[in-house]
Amino acid sequence: MKRARPSVSSPKPERTPLRFDDELLTHLPRLRRVAQALARNPADADDLLQAAVERALTRADQWQPGTRLDAWAIRILRNLWIDTVRAQARRRETFVAAEEGDVVGRQGEQEMTVEMHNIGRAMGTLPPEQREVIALVMVEGFAYREAADILDIPIGTLTSRLVRGREALLAALGEAA
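Residues numbered from 1 in each chain as written. Predicted model: local features only at pLDDT ≥ 70, side-chain atom pairs only at ≥ 80, totals over all residues. Heavy atoms only, no water.

### Focus on the overall build of the protein
To be explicit about the condition: We count a stretch as a helix when DSSP gives it H or I for four or more residues in a row; a strand needs E for two or more, and each element gets its number in order from the N terminus. Only protein chains enter the accessibility calculation, which uses a 1.4 Å probe; a residue is then buried when its area is under 20% of its type maximum, exposed when over 50%, and partly exposed in between. Any two residues whose heavy atoms approach within 4.5 Å at even a single point are treated as in contact. To be clear on the numbers: accessible area is Shrake-Rupley with a 1.4 Å probe, and residue cover counts the displayed protein chains and nothing else.
Scanning the protein from N- to C-terminus turns up 8 helices and 0 strands. The helix and strand sequence of the protein, counted from the amino end, reads α-α-α-α-α-α-α-α. In the protein, which comprises 177 residues, the proportion classed as buried is 33%. For the protein, the share of sequence-separated contacts (at least 6 apart) that also reach a separation of at least 24 residues comes to 66%. Of the roughly 12200 Å² of accessible surface on the protein, a fraction of 54% belongs to carbon and sulfur atoms.

### Topic: the packing of helix 2 (residues 28–39) against helix 3 (residues 42–58)
To keep things clear, this is the line we draw: Angles run from 0 to 180 degrees between N-to-C directions of axes, and those axes are lines fitted to C-alpha atoms, restricted for helices to the stretch in contact. In what follows, roughly perpendicular refers to angles from 65 to 115 degrees, roughly parallel to angles under 35, roughly antiparallel to angles over 145, and oblique to any angle outside these ranges. Note on convention: near helix rotated counterclockwise from far helix by under a right angle means a left-handed crossing. Clockwise means right-handed. Three categories are distinguished: nonpolar for Ala, Val, Leu, Ile, Met, Phe, Trp, Tyr, Cys and Pro, charged for Asp, Glu, Lys and Arg, and polar for the others, with Gly belonging to the last.
Contact pair helix 2 / helix 3: the axes reach a minimum separation of 8 Å and the direction vectors enclose 130°. Judged by the angle between their axes, helix 2 and helix 3 are oblique. Here helix 2 runs over helix 3; the crossing is right-handed. On the side of helix 2, the interface is formed by Leu-28, Leu-31, Arg-32, Ala-35, Gln-36 and Ala-39, while helix 3 contributes Asp-44, Ala-45, Asp-46, Leu-48, Leu-49 and Val-53. Split by residue class, the contact of helix 2 with helix 3 holds 8 nonpolar, 1 polar and 3 charged.

Shown next, in the form of structure tokens:
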């Protein structure tokens, strides 16, 4: 009795959804930090992150195996953020931000919380182009080339935005100190 041979004409190995999902899950903290840097509002950042993860999951077939999943997901996040900014006018903040209540009642963490709030506020004063470069390079630790590829800009433009962003950030933090 002859055994049937397995087909050899498979063009690429099948990617199991579980592997993609698991790998995407490992990048959630980084995606959340980038979303927070872009949105500057925790609730908006969570909405942005949720939309980006949903889009990544529904378009998992568009991701190229062998490429960086985190860079691909950050690009989705950034594109959604750009769409959001274009679609709606900027809202005025009427109430005190929720994170200001975080300073109350923690022993030894007040100074760090205040500093993080000052940094977040200073990041909020930067133009979006500088803020996203600062978030990718200085906060997330991407190499210049990787960040330039994610943002789809020349490396010279990235370094220019980074230098201007750092200077503006230092000036803003100098005023807060």
